[in-house]
Amino acid sequence: MSQIEAPPPEEPVHLREYLAVLRYRKWSIILVTALVVASTLVFSFLQTPQYEAEAKLLVRPVTVSPQSTAPAPPNLETERGLVASVPVAGKVVEALGLAESPQALLESLEVEVVTGSDFLVVKHQHPDPLEARRRAQAFAESYLEFRREQAI
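Below or above, wherever it landed, is the structure these notes cover. (Residues numbered from 1 in each chain as written. Predicted model: local features only at pLDDT ≥ 70, side-chain atom pairs only at ≥ 80, totals over all residues. Heavy atoms only, no water.)

Some details on the nonpolar core
Counting residues in each nonpolar core, the largest one holds 21 residues, and the members touching the most others are Leu 57, Val 83 and Phe 139. Top contributing element to this core by residue count: helix α6 (residues 129–151), with five residues. Residues in contact with Val 83, not counting those within four places in the same chain, are Leu 57, Val 88, Leu 109, Val 111, Leu 120, Val 122, Phe 139 and Tyr 143. (Core = buried A, V, L, I, M, F, W, Y, C linked by side-chain atoms within 4.5 Å. Buried < 20%, exposed > 50% of the residue type's maximum accessible area, 1.4 Å probe, protein only. Helix = DSSP H or I, 4+ residues; strand = E, 2+ residues; numbered from the N terminus. Contact = heavy atoms within 4.5 Å.)

Digging into a nonpolar patch on the surface
Taken together, Leu 15, Tyr 18, Leu 19, Leu 22 and Ile 29 make up a surface patch of nonpolar side chains, about 500 Å² in accessible area. One can find Leu 22 in helix α1 (residues 15–24). (Patch = residues over 30% accessible without salt bridge, like charges linked within 9 Å, V, L, I, M, F, W, Y side chains within 5 Å. Areas by Shrake-Rupley, 256 points an atom, 1.4 Å probe, with all protein chains shown as cover. Salt bridge = Lys/Arg side-chain N within 4 Å of Asp/Glu carboxyl O.)

Points about the packing of helix α4 (residues 86–96) against α6
Axes are the key here: two packed helices are described by the angle between their axes and the distance separating the axes. As a packed pair, α4 and α6 sit with axes 8 Å apart at the nearest point and diverge in direction by 120 degrees. By the criterion of interaxial angle, the relationship of α4 to α6 is oblique. Of the two possible hands of crossing, α4 and α6 adopt the one that is right-handed. Across from Pro 87, Val 88, Ala 89, Lys 91, Val 92 and Leu 96 in α4, the residues of α6 making contact are Arg 134, Arg 135, Ala 138, Phe 139, Ser 142, Tyr 143, Glu 145, Phe 146 and Glu 149. By residue class, the composition of the contact of α4 with α6 is nine nonpolar, one polar and five charged. (Axes fitted to C-alpha atoms, helices over the stretch in contact; angles between N-to-C directions. Parallel < 35°, antiparallel > 145°, perpendicular 65-115°, else oblique. Left-handed = near helix turned anticlockwise from the far one by under 90°. Nonpolar A, V, L, I, M, F, W, Y, C, P; charged D, E, K, R; others polar.)

Some remarks on the packing of aromatic side chains
Summed over the entire model, instances satisfying the criterion amount to zero aromatic pairs. In this structure, Lys 56 is placed above the aromatic ring of Phe 119, and the distance from its NZ or CZ to the ring centre is 5.0 Å. (Phe/Tyr/Trp six-rings, centres within 6.5 Å; stacked < 30°, edge-to-face > 60°. Lys NZ or Arg CZ within 6 Å of the ring centre and 35° of its normal.)

Side note on the pairing of strand β2 (residues 109–113)
Two elements, β2 and strand β3 (residues 119–126), share five bridges in a ladder whose sense is antiparallel. When the bridges of β3 are listed, Glu 110 appears paired with Lys 123. From the end of β2 to the start of β3, which pair antiparallel, there are five residues, and Gly 116 there has a positive phi angle of about 75 degrees. (Pairing = 2+ DSSP bridges.)

Brief notes about the packing of helix α3 (residues 76–83) against α6
Running from N to C, α3 and α6 point in directions that differ by 115 degrees, and their axes come no closer than 10 Å. By the angle between their axes, α3 is roughly perpendicular relative to α6. The handedness of the crossing between α3 and α6 is right-handed. Every residue of α6 that contacts α3 at Glu 79, Leu 82 and Val 83 is listed here: Phe 139, Tyr 143, Phe 146 and Arg 147. Of the residues in the contact of α3 with α6, the class split is five nonpolar, no polar and two charged.

As for the pattern of salt bridges
Evaluation of the coordinates by the stated rule reveals nine salt bridges. Across the pair Lys 91 and Glu 145 runs a salt bridge whose closest N-O atoms are separated by 3.4 Å. Linking Lys 91 in helix α4 with Glu 145 in helix α6, this pair joins segments that are 54 residues apart in sequence. A residue is classified by how much of its surface remains accessible, and Lys 91, at 19% relative accessible area, is buried. For Glu 145, a relative accessible area of 35% puts it in the partly exposed group. Each of Glu 100, Glu 131, Arg 134 and Arg 135 takes part in one network of salt bridges that share partners.

Here is the structure:
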């Protein structure tokens, strides 16, 4: 019978060997780290800051006359879609005298439904903080005007 030989025991890797590899590669490690940090800083400084302004809307059913029966509560998802529609954005473009199209204006708009309430939050992003606020407010006002016109 032949005997099966056991493999020779492996020697454990010591901490000194790891440190030797790190010392040997230290300039590579330093160079890669410096390149990553430098590229991150350059990218960060070249970014145009974006400011976000928001306006909060309380959505209530529109009543035409005080004698009419109580209307059904509005569907907030439908109202959310209405705020972010081209007709409302067209009113914003007209009210603010903007040169951009309503579709382009809608790209920076976000409308959220506040869960468990009748509120919509209209958010608009722009590089200028005052313009962001102006546009968010204009969307809120244009939506209310659009609803009034639809009710009449």
